[in-house]
Amino acid sequence: MDSVPSLASGFTLLFSVLWHIGSTATNYNCDNPLSALLPQTAFSSSSELFGSPSPAQLNRRIGPGGWSPVNSNAQQWLQIDLGNRVEITAVATQGRYGSSDWVTSYILMFSDTGRNWKQYKQEDNIWTFSGNTNADSIVHHKFLHSVKARFIRFVPMEWNPNGKIGMRVEVYGCSYKSDVADFDGRSSLLYRFNQKLMSTFKDVISLKFKSMQGDGVLFHGEGQHGDYITLELQKGKLSLHINLGDSKLRFSNSQPSVILGSLLDDQHWHSVLIERFNKQVNFTVDKHTQHFRAKGDGDYLDIDYELSFGGIPVPGKPGTFLKKNFHGCIENLYYNGVNIIDLAKRRKHQIYTGNVTFSCSEPQIVPITFVNSSSSYLLLPGTPQIDGLSVSFQFRTWNRDGLLLSTALSEDSGILLLYLEDGLLRLVIQKMTERSMEIPTGSNLNDGLWHSVSINARRNRITLTLDNDAASAAHETTRLQIYSGNSYYFGGCPDNFTESQCLNPIKAFQGCMRLIFIDNQPKDLISVQQGSLGNFSDLHIDLCSIKDRCLPNYCEHGGTCAQSWATFYCNCSDTGYTGATCHNSIYEQSCEAYRHKGNTSGFFHIDPDGSGPLDPLYVYCNITEDKIWTAVQHNNTELIRVRGAHPKRPYVMYFNYSSSMEQLEAMINGAEYCEQETIYHCKKSRLLNTPNGMPFTWWIGRANEKHPYWGGSLPGVQQCACGLEESCLDMRHFCNWHFWNAPSFNTEASYLHFPTFHAEFSADISFFFKTTALSGIFLENLGIKDFIRLEISSPSEVTFALDVGNGPMELTVLSPTPLNDNQWHYVQAERNLKQTLLQVDDLPAKILETQEDGHFRLQLNSQLFVGGTASRQKGFLGCIRSLHLNGQKLDLEEKALVTPGVKPGCPGHCSSYGNFCHNGGKCVEKYNGYLCDCTNSPYEGPFCKKEVSAIFEAGTSVTYVFQEPYPVTKNTSLSSSAIYVDSMPSSKENIAFNFLTGQTPCLLLYIDSYFQDYLAVLLSKNGNLQVRYQLSKERVHVCTFDAENFANRRMHHVKINRDGKELTIQVDQHPIYRYNFSSEVDFRAVRSLTLGKVTDSLGLDVEVSKVNTIGFVGCLSSVQYNHIAPLKAALRHPSIAPVSVKGILVEANCRSVMEADINTVTTVYSSSDPFGKTDEREPLTNAVRSDSAVIGGVIAVVIFIIFCIIGIMTRFLYQHKHSHRTNQMKEKEYPENLENSFRNDIDLQNTVSECKREYFI
């Protein structure tokens, strides 16, 4: 699957000859002041503070000293008529002289005619220019790309808050010369060749065009042998047809070779460039390019007689054309260096001119844009009480719903509504005395194209016509006669509009309209803009600012792009990927991941490179209790008999896998161990010519190298072969010793550097790290202004910072436990055009939505630094493992070999398996494996993933008493008891728990102190959740959550975090509640924490006492207070923890009783050990049980004796047998502290976590 948004694949075509494409600023200096000598009449504006138009040239001091409008608001503008169409390269601004009036930001608009304006854009977004900070300084801006226009408008966006809008301006550029031809839809140009046949090996065709029509042929040429080339507009997009010599492909019934562009019928100039070199073609429209191979059998384009521009004339029938002609203007038309329009203007004999003029006629059409989906509207007057009604207009939009028209008809004949609903046009007349009349028509009218609508009513008959198709017009009759209304509301209704004149049953319209006629009279929208006609709100008048957000398509991996007016969406169905831009694979990266999701053996898709470009592959996952094997099938798994092989006619067998070599390599690189065994069984056949000669048999690997060895070795020692590797390594080591790819950074000044990370539109970064340092930068890549940085900013925080040109933004994930604990932690960061995301371990992800309008390209140009920065400051100390950028793994260890201060490798079992410990569980190194220590987690299980939960009945109380120091039972292990020694929390609380109940009121959690400080979490009688705080003798602080009734027998998650005077509370997915205490406060000398009923009610707050009568009835789980898990302590360590239980506490899975009536649950049997013992089994990586070893040793001796006997017998039965079997084993590093005997056990066992195993026989 190709990555998006790249539109190109394959090749890039370069030409050594650059044809002339009009006069451009790159050919000469183009920075002359253009407005300094203009007359006063060249300046106009939306309004003038001083009455008459004021020249506003730069440095002007006489008169008003510049331009200021009557009112300072966002509807004001200053316009300059430059006299002719010129090339504009820069602008400069000042404030108004001698005043406090200046503009701090503005946008620019351009036009050829003073109508139908176009906004200046960069990076496909409307560009906002920074303005002035005082009245006198000059701020100069040079354009990234020049603009050709006659009129320019400055539109202030922000200005000095202590003054008004005030501007003096200058425009810089130069004259612009071009050749223009105007086509009226019935005209064309014919370029006739000097010979009968024009045969070309390469072509370059360039032009600019503008049109209001969405269809029309721009040029066409064809030959008698089936060759043709055609460029035509189709529904506002350009279709290019090219065929080189395939006579079966006819233009009349062919599909376009490529389609490019969108919304090209906007009456603005668009550039086209076609470059062909034999079959290779580059097709560029504006800034978008596609590369493709032309259809056909030849390399030459053979065109007979002529090329036609503007249409396809029918031979022998003058004035008749095969398809719809182009209607618009073409500028600077070049065909292989020939200026076609210049030849036509000079009436050269090669050109036949049919009704073409050489100046561009501009229709004076004024479009308007409805910007806001809730408040935009246009009010136009009608002629009331006219018998009948006539309204027509054109619209275009991407939204499926929106009000187009609402009017109250005269003579109480009802209310007329016209609106889009799910892309369908619906006309409704609502009447008081009879049922509503409704006419639906059309479909998918939110396609961004212009659609015309006409409503005509005479007496009792009403007609709705769509897109001027009279044949399919819809008709309806009414009992009462229809009379034209007094006021027509287009697009929406005014805010707080209570009169019946305007109704909107659906949201307001977002899109463009033009050519509005009411009662057969055109409406002057410029008069609306000037305030002399009708009224409006949130409109852009005299421009259509529609934008195709799906060009280019930023949906990755084949995702389908859809859009509304404000944003785009990706349909990721059937792609195998998900996310806002189809960036993330829905499949796991390995069989190991499937096992940890609870899957058993079977066929699965795995995606070894994650979000990378490789497709997922289909494998068989053989999942056992301690091993996971990954098998990829090929086409020859059966025993094949070889007969009659000869050096001149060798026997050849091919093995084809169901996946590509790149997919296999990605899978192998993600495995700890892999093997492929090829076995050759021979009987009286010779493998070797001579002991040192060329062998008779060999196999060829992925590098096209011959390998003369074969698989197989002594039974029981399963050493892997080299079938998928280029060479064999030392037989004592496992395959893929690079699996974890983890270097150690030993100094803050050390770093690894890699080439620039290219991620303009989409970037994902993932890695593991472990450290004991307080802070450090994981990676950084800089641009001129843009940057991207990931760092551990404090012991418990990871920060993802970046800037794409809109200003720096940061996402920070705060961990409730320190991240500098020398244990592995997982970081995943992603940035795309829809959102930015940061996730650390299993903590909730931080997500920030991307603003739709603004810079969006991440442009980096420096080296990528890993583990530090170019300044050698704030470097990272620790280990980084398995760093992936956009699905590609960086070889950190290879760089570490040649980098001072960095060492390859980071030994220890937890470096391999630390990510299996979840929910705050800590990976503890063991001699023969590892252990997930869940002591500091409210969860349990081998991977700290199992919730610890219990059902509380009326009166049940679990009380945890804080003591310091707490006497630890002498028989208790350190890891079990350490958590129960009080750490005397004072200024911080991190509390989290889940609950489920149907009982109110109730007390969930209560914490008190020796100084009458307390914290209570309770449900009030109406089901609201309250958090009550009293700290340091302050008043009681009450935080109430009333988003829903939380006693609804559903699971709810509560998080309470206090850091000094800052308090944040979140319940489920409801918005985070933030509260600041009046000053820094401490929770002084915490005494106890109670779940359920508080038995020692003396001194309880009155409100808490009211809900403490019963306590809590329901289910609690995953209760955590700082590093304490009180519920887990009560259920698992009642004898050693300072916890007491009163009443009935029954361990149960809250989710399993979610559907049950909590109040009626009386007995639930716990699946855990009734004595509260934890599961003492621990994951083992390569352990050998002693009893198994003894039994295995006896069996091995017996088998050895049997094989010896068989071997002696075989020696006598067969006198000559040659077999050569070899294996390969990639190097695997062991921790230095492993004993030799244990290493030998590992080698003999050949235990693996993930592999692919095949036998070739």
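- The name that an unreviewed UniProt entry assigns to the protein chain is Contactin associated protein family member 5, with the source organism given as Monodelphis domestica.
- Per UniProt, the protein chain carries the Function (unreviewed entry) text "May play a role in the correct development and proper functioning of the peripheral and central nervous system and be involved in cell adhesion and intercellular communication."
- Here is the UniProt Subcellular location (unreviewed entry) comment for the protein chain, exactly as written: "Membrane".

### Observations concerning the overall build of the protein chain
Turning to step 1, where the next piece is worked out: On a plain count of helices and strands, the protein chain comes out with eleven helices and 83 strands.
Turning to step 2, where the next piece is worked out: Out of the 1257 residues belonging to the protein chain, those deemed buried represent 52%.
Turning to step 3, where the next piece is worked out: Long-range contacts, defined here as pairs at least 24 residues apart, represent 69% of the contacts in the protein chain between residues at least 6 apart.
Turning to step 4, where the next piece is worked out: Accessible surface, the protein chain: about 58,700 Å² in total, of which carbon and sulfur atoms supply 51%.

### Some words on the sheet that holds strand S69 (residues 949-952)
In any sheet, the strands associate via hydrogen bonds between backbone groups, in a parallel or an antiparallel arrangement.
Turning to step 1, where the next piece is worked out: Read across the open sheet, the seven strands follow the order S78-S77-S76-S71-S80-S69-S82; overall the sheet is antiparallel. Each edge of the sheet is formed by a strand with only one pairing partner; in this case those strands are strand S78 (1073-1076) and strand S82 (1145-1147). Each strand of the sheet is rotated relative to its neighbour by a mean of 25 degrees, with strand direction disregarded.
Turning to step 2, where the next piece is worked out: As defined by bridge partners, strand S76 (residues 1052-1059) adjoins strand S77 (residues 1062-1067) across six bridges and the pair is classed as antiparallel. Across the sheet, Arg1058 pairs through a bridge with Leu1063, a residue of S77.

### Let's talk about the sheet that holds strand S47 (residues 628-631)
Turning to step 1, where the next piece is worked out: Here we have three strands laid out as an open sheet, ordered S45-S46-S47, and antiparallel in their pairing. Strands with a single pairing partner mark the edges of an open sheet, and in this sheet they are strand S45 (602-606) and S47. Within the sheet, the average angular offset between the axes of one strand and its neighbour, ignoring direction, is 40 degrees.
Turning to step 2, where the next piece is worked out: Where S45 meets strand S46 (residues 617-623), five bridges bridge the pair, whose relative direction is antiparallel. By the bridge assignment for S46, Phe604 is matched with Val619.

### Things to note about the pairing of strand S14 (residues 216-222)
Turning to step 1, where the next piece is worked out: Counting buried residues in S14 gives six out of seven residues, a clear majority hidden from the surface.
Turning to step 2, where the next piece is worked out: Two strands pair when backbone bridges link them, and S14 and strand S15 (residues 228-234) are joined in this way by six bridges, in the antiparallel orientation. Paired with Val217 across the two strands is Glu232, which belongs to S15.
Turning to step 3, where the next piece is worked out: Linking S14 to S15, which pair antiparallel, is a turn of five residues; within it Gly226 sits at a positive phi near 100 degrees.
Turning to step 4, where the next piece is worked out: The sheet contact formed by S14 and strand S22 (residues 301-309) spans two bridges and is antiparallel. Within S22, the residue paired with Phe219 across the bridge is Phe309.

### A few points about the environment of Val391
Turning to step 1, where the next piece is worked out: Summarising the element assignment, Val391 is placed in strand S28 (residues 389-396).
Turning to step 2, where the next piece is worked out: If we ignore the near neighbours within four places in the chain, the residues touching Val391 are Leu405, Val453, Ser454, Ile455, Tyr488, Phe490 and Phe517.

### A few points about a negative patch on the surface
Turning to step 1, where the next piece is worked out: Where like charges cluster on the molecular surface, the negative patch consists of Asp1059, Glu1062, Glu1080 and Asp1082.
Turning to step 2, where the next piece is worked out: Structurally, Asp1082 is set in the loop between S78 and strand S79 (1086-1092).

### Observations concerning the state of the cysteines
Turning to step 1, where the next piece is worked out: This model, assessed by the stated rule, comprises eleven disulfides.
Turning to step 2, where the next piece is worked out: Paired through a disulfide, Cys329 and Cys360 show a sulfur-sulfur distance of 2.0 Å. Disulfide Cys329-Cys360: torsion about the S-S bond near 95 degrees, hence right-handed. Of the two residues, Cys329 sits in strand S23 (residues 327-335) while Cys360 sits in the loop between strand S25 (351-354) and strand S26 (368-370), which places them 31 residues apart along the sequence.
Turning to step 3, where the next piece is worked out: Look at Cys329 and you get buried, because its relative accessible area is 1%.

### Quick look at the UniProt feature "domain: EGF-like" (unreviewed entry) in the protein chain
Turning to step 1, where the next piece is worked out: According to UniProt, the feature "domain: EGF-like" (unreviewed entry) maps to residues 546-583 and 907-945 in the numbering used here.
Turning to step 2, where the next piece is worked out: Within residues 546-583, the helical portion is 0% and the strand portion 26%, while the C-alpha atoms at the span's ends are 27 Å from each other.

### Concerning unusual backbone geometry
Turning to step 1, where the next piece is worked out: Omega for the bond connecting Leu551 with Pro552 falls within 30 degrees of zero, at -5 degrees, which places this linkage in the cis form.
Turning to step 2, where the next piece is worked out: Within the fold, Pro552 resides in the loop between strand S40 (539-541) and strand S41 (560-563).
Turning to step 3, where the next piece is worked out: Here Thr1000 and Pro1001 are connected by a cis peptide whose omega angle stands at -15 degrees.
Turning to step 4, where the next piece is worked out: Mapped onto the elements, Pro1001 comes out in the loop between strand S71 (988-997) and strand S72 (1002-1009).
Turning to step 5, where the next piece is worked out: A positive phi angle is found at Asn278, which is not glycine, with a value near 50 degrees.
Turning to step 6, where the next piece is worked out: Of note, Asn278 is situated in the loop between strand S18 (270-277) and strand S19 (280-285).

### Some words on the nonpolar core
Turning to step 1, where the next piece is worked out: Counting residues in each nonpolar core, the largest one holds 48 residues, and the members touching the most others are Phe993, Phe995, Leu1025 and Leu1116.
Turning to step 2, where the next piece is worked out: If near-sequence neighbours (up to four positions away) are discounted, Leu1025 is found in contact with Phe995, Leu1004, Val1017, Leu1018, Leu1019, Cys1039, Thr1040, Phe1041, Phe1046, Val1054 and Val1067.
Turning to step 3, where the next piece is worked out: One finds Leu231, Leu238, Leu260 and Phe309 within the second-largest nonpolar core, a separate group that totals 42 residues.

### What to know about a nonpolar patch on the surface
Turning to step 1, where the next piece is worked out: Nonpolar side chains collect at one region of the surface, where Phe603, Tyr618 and Tyr620 lie side by side and expose about 300 Å² of accessible area between them.
Turning to step 2, where the next piece is worked out: Topologically, Tyr618 is positioned in strand S46.

### Regarding helix H4 (residues 661-669)
What sets the pattern is the α-helix's 3.6 residues per turn: residues three or four places apart point alike.
Turning to step 1, where the next piece is worked out: Restricting attention to buried positions, one finds in H4 the residues Gln663, Leu664, Ala666, Met667 and Ile668.
Turning to step 2, where the next piece is worked out: Considering only its buried residues, H4 is in contact with S45, S46 and S47.

### Concerning the confidence of the model for the protein chain
Turning to step 1, where the next piece is worked out: Model confidence for the protein chain is summarised by a mean pLDDT of 80, while 79% of its residues fall at 70 or above.
Turning to step 2, where the next piece is worked out: Here residues 1-27 is modelled with pLDDT under 50, and outside its nearest four sequence neighbours on either side it reaches 59 contacts, counting other chains as well.
Turning to step 3, where the next piece is worked out: Scored below 50 in pLDDT, residues 712-739 makes 114 contacts in the model with residues more than four places away or belonging to other chains.

### Remarks on the packing of aromatic side chains
Turning to step 1, where the next piece is worked out: For the structure on display, the rule yields 42 aromatic pairs.
Turning to step 2, where the next piece is worked out: Counting every residue linked through ring pairs, the aromatic cluster contains Tyr106, Phe110, Tyr120, Phe129, Phe143 and Phe154.
Turning to step 3, where the next piece is worked out: Cation over ring: Lys834 sits above Tyr569, and NZ or CZ is 5.2 Å from the ring centre.

### Quick notes on the side chain of Ser1009
Turning to step 1, where the next piece is worked out: Following the sequence through the fold, Ser1009 ends up in strand S72.
Turning to step 2, where the next piece is worked out: Residue classification places Ser1009 among the buried residues on the basis of a relative accessible area of 4%.
Turning to step 3, where the next piece is worked out: Looking at Ser1009, its side chain comes within polar contact range of the main-chain nitrogen of Phe1011, at 3.1 Å.
Turning to step 4, where the next piece is worked out: A polar contact of 3.0 Å, which involves the side chain of Ser1009, links it to the backbone nitrogen of Asp1013.
Turning to step 5, where the next piece is worked out: Not counting residues up to four positions away in its chain, the partners in contact with Ser1009 are Phe1083, Arg1084, Ala1085, Val1086 and Arg1087.

### Digging into the pairing of strand S33 (residues 451-458)
Turning to step 1, where the next piece is worked out: By the criterion of burial, S33 is predominantly enclosed, with six of the eight residues buried.
Turning to step 2, where the next piece is worked out: One ladder, built from seven bridges, connects S28 with S33; its direction is antiparallel. Opposite Leu389, over in S33, you have Ala457 as the bridge partner.
Turning to step 3, where the next piece is worked out: As paired elements, S33 and strand S34 (residues 461-466) share six bridges and run antiparallel to each other. By the bridge assignment, Arg458 is partnered in S34 with Arg461.
Turning to step 4, where the next piece is worked out: Joining the antiparallel neighbours S33 and S34 is a turn of two residues, in which Arg459 adopts a positive phi near 55 degrees.

What counts as what
Residues numbered from 1 in each chain as written. Predicted model: local features only at pLDDT ≥ 70, side-chain atom pairs only at ≥ 80, totals over all residues. Heavy atoms only, no water. UniProt positions renumbered as here; feature names shortened; annotations may be inferred. Helix = DSSP H or I, 4+ residues; strand = E, 2+ residues; numbered from the N terminus. Buried < 20%, exposed > 50% of the residue type's maximum accessible area, 1.4 Å probe, protein only. Contact = heavy atoms within 4.5 Å. Areas by Shrake-Rupley, 256 points an atom, 1.4 Å probe, with all protein chains shown as cover. Pairing = 2+ DSSP bridges. Axes fitted to C-alpha atoms, helices over the stretch in contact; angles between N-to-C directions. Patch = residues over 30% accessible without salt bridge, like charges linked within 9 Å, V, L, I, M, F, W, Y side chains within 5 Å. Salt bridge = Lys/Arg side-chain N within 4 Å of Asp/Glu carboxyl O. Lys, Arg positive; Asp, Glu negative; His and termini not counted. Charge placed at Lys NZ, Arg CZ, Asp CG, Glu CD. Disulfide = S-S within 2.5 Å. Core = buried A, V, L, I, M, F, W, Y, C linked by side-chain atoms within 4.5 Å. pLDDT = per-residue confidence, 0-100. Phe/Tyr/Trp six-rings, centres within 6.5 Å; stacked < 30°, edge-to-face > 60°. Lys NZ or Arg CZ within 6 Å of the ring centre and 35° of its normal. Polar contact = N/O pair within 3.5 Å; in protein donor to acceptor, adjacent residues only side chain to side chain.

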